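Notes for the structure review
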Amino acid sequence: MSESDKHQGHKESGAEAGVETGAETGADTDTDGVLAEVGPRLRRIRKERGATLAGLSSATGISVSTLSRLESGLRKPSLELLLPIARAHQVPLDELVGAPQVGDPRIRAAKPIVMHGRTHWPLTRQPGGLQAYKVLEPQRKLEPEPRTHEGYEWLYVLSGRLRLVLGEHDVVLGAGEAAEFDTRVPHWFGSTGEGPVEFLSLFGRQGERMHVRARPKKRGEDD
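For the structure given in this document, a descriptive report is provided here. All values derive from a computational prediction rather than experimental measurement. (Residues numbered from 1 in each chain as written. Predicted model: local features only at pLDDT ≥ 70, side-chain atom pairs only at ≥ 80, totals over all residues. Heavy atoms only, no water.)

**Some remarks on the overall build of the protein**
As a reminder, the rule being used: Helix and strand definitions here come from DSSP, where helices need a minimum of 4 consecutive H or I residues and strands a minimum of 2 consecutive E residues; each element is numbered from the N-terminal end. Burial classes follow relative accessibility: with a 1.4 Å probe on protein chains only, a residue under 20% of its type's maximum area counts as buried, one over 50% as exposed, and anything between as partly exposed. Any two residues whose heavy atoms approach within 4.5 Å are treated as being in contact. Exposure was quantified through the Shrake-Rupley algorithm and a 1.4 Å probe, taking into account, for residues, occlusion by the shown protein chains and nothing else.
Tallying secondary structure elements over the protein gives 6 helices and 9 strands in all. Counting every position in the protein, which comprises 223 residues, the buried fraction comes to 32%. Long-range pairs, those at least 24 residues apart, make up 62% of the contacts in the protein between residues at least 6 apart in sequence. When the accessible surface of the protein is totalled, it reaches about 14600 Å², and 53% of it is carbon and sulfur.

Here's what the structure looks like:
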């Protein structure tokens, strides 16, 4: 028998025994760790419900020996085995395999900040980097006072009309329109005086840039 035949025979015997002979990757290691915890979890759930192996076998159609090997880790769990066990225990399949629970994705509303008659609701939790705000500007007619500072800003109008003065441009943005600009350029934005405006503002002090732009209009162009 050649060395290649011996090697092939060794691989086949290992597969028959349920032994992995290949090099383990990081993903394989993680999966093995999850599977190793299934057996003890199956035993714990069964005992919490006061069920015996014989009773569970009768409910699932799985032999007592197979159930025992599953709980001791000698039998690799499979979907065909876990599904009837989950049904018998009346628990989600995720509970048997220990899938992580999804946390609450909602952002708890922070206390609004009122500055110069404008209300800001912070939408980001961490300091530094990009900061996001929902802003409500009341209906009022103000004279633009452009200013400059380090950073980059992105505006998106939710409702109403927002006037943006940026350098030589005088822009009016409606609902669904956005603007992006370097805040080192003289700029000002606020109500057109026609009604309140609600918009989102994302600001990055280190010059982080967004990627949605509204084409600016020069003074005198129609809105």
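**Brief notes about empty space enclosed by the protein**
The cut-off we apply is this: Lining residues are those with an atom within 4 Å of a point, where the points come from a 1 Å grid over the protein atoms alone and group into cavities, where a 1.4 Å probe fits but cannot get out, or pockets, open sets with protein on both sides within 12 Å along at least five of seven lines. Grid points are joined across faces, edges and corners, and a volume is the space filled by probe spheres set on the points. The residue classification treats Ala, Val, Leu, Ile, Met, Phe, Trp, Tyr, Cys and Pro as nonpolar and Asp, Glu, Lys and Arg as charged. All others, Gly included, are polar.
Per the stated rule, a full pass over the model turns up 1 cavity of 30 Å³ or more. The volume enclosed by the largest cavity comes to roughly 40 Å³. Taken together, Leu42, Leu56, Leu67, Glu71, Ile85 and His89 form the lining of the largest cavity. Its residues assigned to classes, the lining of the largest cavity shows 4 nonpolar, 1 polar and 1 charged.

**Here we look at unusual backbone geometry**
Although it is not a glycine, glutamine 90 adopts a positive phi angle of roughly 55 degrees. You can see glutamine 90 is positioned in the loop between α5 (79-89) and α6 (93-97). Classification of glutamine 90 as exposed rests on a relative accessible area of 73%. Unlike most non-glycine residues, histidine 116 shows phi in positive territory, near 55 degrees. By the element assignment, histidine 116 lies in the loop between β1 (113-115) and β2 (118-122).

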